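The residues making up each chain are set out below.
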Amino acid sequence: MRDRTVKIIIRVIPVLILVFFFLSPFIRNGWDIGAAVLPVNPFLGIGTGLLSSIGGMVEMPRQGPVFSVQDSGLSLDGSRVYVEVMVGNPLPLPIDIREFSGSIPTDGTVLNLAMVQPVSIPSGSSALVRLEGPRPQGLRPGGLTLPSNPKFGDLKMTLSVLGMEMPLDENTIKGVVS
Amino acid sequence: MTAPDGESLNLYWLNFPGIIAGIALMVLPFLDVWWRFTVGDGAVVIGTSPFHVLVESFGIGITSPFLASLNLGLKIIFIYYGLLLLAGSVLRIRDDRRSMADFLVRVSARKLPWLVLWFLVSVAISDVLINHFFSLMGVQANVPYFTGDSVISLGTGLIPLNIPLTQRFTGIFIIAVLVSILSLAASLYQDRVTLVKTGEGLRVRLIPEQPPVVPSPQVETSETAGTGR
């Protein structure tokens with residue numbers, strides 16, 4: 001008889017625990033189902049975080065110039081051209097530039113440039129991106145003069161915010177380098 | 001208690017798989033999540049197990065009071081079942097408590113396998129809902145079931161956006177499956193088999209349905225009277 005009672009108690013204990021922990025958030029929140037089930041502010045995290053980053057990435061190319069040429073010249077052996085571009089990150093999140101290439105017309109010739117290595121830019125900050133390309137045939141020695149905001153042609157840029165990639169091209173990035 | 005081969009080997013009546021599974025069952029709720037769903041490189045991370053639900057968006061943790069409470073309840077319940085399994089496996093050594101020992105193992109040993117099964121069904125349902133959610137949004141997405149990578153492409157006007165999605169079972173889930181198998185083994189071991197030390201070493205033996213009837217040495221029958229047996 002005693003064993004039978006113990007066995008019943010052993011079986012009932014988990015049920016009581018489950019019922020208690022099932023009901024306790026409702027009791028604590030005055031039977032407000034929304035407050036008990038939903039996170040404190042479900043849109044604080046996923047909503048604002050995701051939307052602001054996607055929105056920011058989408059808005060960024062439309063906001064105006066986010067990069068400017070800082071330096072340009074020829075490599076030591078004179079076979080390659082380099083351009084250093086300062087790229088700003090207006091987003092509240094770090095940005096990775098995974099791809100950046102384009103062509104700049106200068107001195108009657110065209111420079112075809114591509115990023116040497118991916119660059120990370122902290123939130124609200126800027127970073128120098130080095131673009132390099134072969135020296136065009138027509139470029140006279142010491143004749144590389146570029147405006148601060150040159151017109152890029154065939155522009156390709158891939159931005160990444162926490163792994164979410166935004167491939168941009170000339171059409172999508174219009175306005176940035178006008 | 002004596003082993004079926006007649007040797008007095010009390011320790012061999014312990015339910016060893018049950019002891020290990022019982023301890024593992026008590027530790028399991030304190031380990032990490034079993035399944036992780038990631039958007040981007042950690043832009044949004046959803047990690048779940050019956051004992052934890054972790055939602056992080058851009059480093060901000062999001063907690064549902066109801067789920068947190070339910071997780072805590074399950075944690076306590078499974079620690080309790082671990083204790084029962086351990087107690088039943090040890091108590092098996094005592095003849096007078098054998099019925100209670102069997103009951104404790106019976107009550108506790110099959111709970112984790114059911115929980116693992118329930119968890120798998122939940123993950124499958126989640127994947128169905130995720131795919132349904134994207135199709136409602138008009139987004140081309142084929143999120144694989146249970147584990148795998150996929151990329152969804154959101155077109156926001158002119159600007160395309162590729163969002164990688166990753167889902168994986170963690171090593172802790174594998175541990176949970178192994179503990180489940182061990183729990184089931186403990187249940188079988190408790191009922192039917194035992195470890196016995198024989199001349200050839202340790203052997204697994206089936207426990208006979210009926211205990212062997214051994215005539216009491218004090219009672220002498222007419223045949224044995226006077227024979228000295």
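Since the model is a prediction, treat every value here as computed from it, not as a measurement. (Residues numbered from 1 in each chain as written. Chains lettered and ligands numbered in written order. Predicted model: local features only at pLDDT ≥ 70, side-chain atom pairs only at ≥ 80, totals over all residues. Heavy atoms only, no water.)

Details of the nonpolar core
Note the cut-off: The criterion is simple. A nonpolar core is a set of buried Ala, Val, Leu, Ile, Met, Phe, Trp, Tyr and Cys residues joined through side-chain atoms within 4.5 Å. Buried means the residue's accessible area, taken with a 1.4 Å probe over protein chains only, is under 20% of the maximum for its type, while exposed means over 50%, and partly exposed covers the values in between. Every residue pair with non-hydrogen atoms within 4.5 Å of one another is taken to be in contact.
Of all hydrophobic cores here, the largest spans 78 residues; its most connected members are Val87, Ile97 and Phe100 of chain A together with Trp34, Phe78 and Leu112 of chain B. Ignoring sequence-local partners within four residues, the contact set of Phe100 of chain A consists of Phe67, Val87, Leu113, Ala114, Met115, Val129, Leu131, Phe152, Leu155, Lys156 and Met157 of chain A.

Overview of the interface of chain A and chain B
Keep this limit in mind: A 1.4 Å probe defines the accessible area here, and the buried area is the portion of it lost by two parts on being joined, summed over both. Counted as salt bridges are all cases of a side-chain nitrogen of Lys or Arg within 4 Å of a carboxyl oxygen of Asp or Glu.
Listed per partner, the contact involves 45 residues of chain A and 40 residues of chain B. Interface area, chain A with chain B, both sides summed: about 3,500 Å², of which 74% is carbon and sulfur. For the pair chain A and chain B, the interface holds two salt bridges. For the salt bridge of Arg98 of chain A with Asp41 of chain B, the shortest nitrogen-to-oxygen distance reads 3.7 Å.

Things to note about the packing of aromatic side chains
What counts is decided by this rule: Only the six-membered ring of Trp is used, alongside the rings of Phe and Tyr, when aromatic pairs are assigned; centres must lie within 6.5 Å, and planes under 30 degrees apart are stacked while those over 60 apart are edge-to-face, with the rest tilted. In this description a helix means any DSSP run of H or I spanning at least four residues, a strand means any run of E spanning at least two, and both kinds are numbered starting from the N terminus. Distance and angle both matter: a charge sits over a ring if NZ of Lys or CZ of Arg is within 6 Å of the ring centre and within 35 degrees of the ring normal.
Counting across every chain of the model gives 16 aromatic pairs over all chains. Look at Phe22 of chain A and Phe66 of chain B: their rings are 5.2 Å apart centre to centre, the planes differ by 85°, and that puts the pair in the edge-to-face class. With Phe22 of chain A in helix H1 (residues 2-28) and Phe66 of chain B in helix H2 (residues 65-91), this pair bridges two chains. Here a set of aromatic residues connected by ring pairs shows up, and it is made of Trp34, Phe51, Phe78, Tyr80, Tyr81, Phe119, Phe146, Phe169 and Phe173 of chain B. A cation over an aromatic ring shows up here: Arg130 of chain A above the ring of Tyr82 of chain A, its NZ or CZ 4.3 Å from the ring centre.

Describing the pairing of strand E7 (residues 153-161) of chain A
Residues and elements named next belong to chain A. Quick note on the threshold: Any two strands between which DSSP finds at least two bridges are classified as paired.
Taken across its nine residues, E7 has seven buried, putting it largely inside the fold. Pairing between strand E3 (residues 95-106) and E7: six bridges, direction antiparallel. Residue pairing for E7: Ile97 is matched across the bridge by Leu159. Across six bridges, E7 lies against strand E8 (residues 164-169) in antiparallel orientation. When the sheet's bridge partners are listed, Lys156 is paired in E8 with Asp169. Hairpin connection from E7 to E8: two residues lie between these consecutive antiparallel strands, with Leu162 at a positive phi of about 50°.

Let's talk about a nonpolar patch on the surface
All names here are of chain A. Definition in use: The patch calculation keeps residues exceeding 30% relative accessible area without a salt bridge and links them within 9 Å when they carry like charges or within 5 Å when they are nonpolar (Val, Leu, Ile, Met, Phe, Trp, Tyr). In this description, accessible areas are obtained by the Shrake-Rupley approach with a 1.4 Å probe, and a residue is regarded as covered only by the protein chains that are shown.
On the surface, Val15, Val19, Phe22, Leu23, Ile27 and Trp31 cluster together into a nonpolar patch covering about 570 Å² of accessible area. Looking at the element boundaries, Ile27 is found in helix H1. The exposed category is assigned to Ile27, whose relative accessible area is 52%.

Here's the deal with the packing of H1 of chain A against helix H3 (residues 98-109) of chain B
The following threshold applies: For every element, the axis is a line fit to its C-alpha atoms; helices are fit only across the contacting stretch, and the angle between N-to-C directions ranges from 0 to 180 degrees. Should an angle fall under 35 degrees it is taken as roughly parallel, and over 145 as roughly antiparallel, whereas 65 to 115 is taken as roughly perpendicular and any remaining angle as oblique. Crossings are assigned a handedness: left-handed for a near helix turned anticlockwise from the far helix by less than a right angle, right-handed for a clockwise turn. Lys, Arg, Asp and Glu make up the charged group, whereas Ala, Val, Leu, Ile, Met, Phe, Trp, Tyr, Cys and Pro make up the nonpolar group; the residues left over, Gly among them, are polar.
In the contact formed by H1 of chain A and H3 of chain B, the axes pass within 11 Å of each other and the chain directions differ by 15°. When the axis of H1 of chain A is compared with that of H3 of chain B, the two are roughly parallel. The hand of the H1 of chain A/H3 of chain B crossing is right-handed. For the pair formed by H1 of chain A and H3 of chain B, the contact residues are Asp3, Val6, Lys7, Ile10 and Arg11 of chain A on the first element and Ser99, Met100, Phe103, Leu104 and Val107 of chain B on the second. In the contact of H1 of chain A with H3 of chain B, the residues fall into six nonpolar, one polar and three charged.

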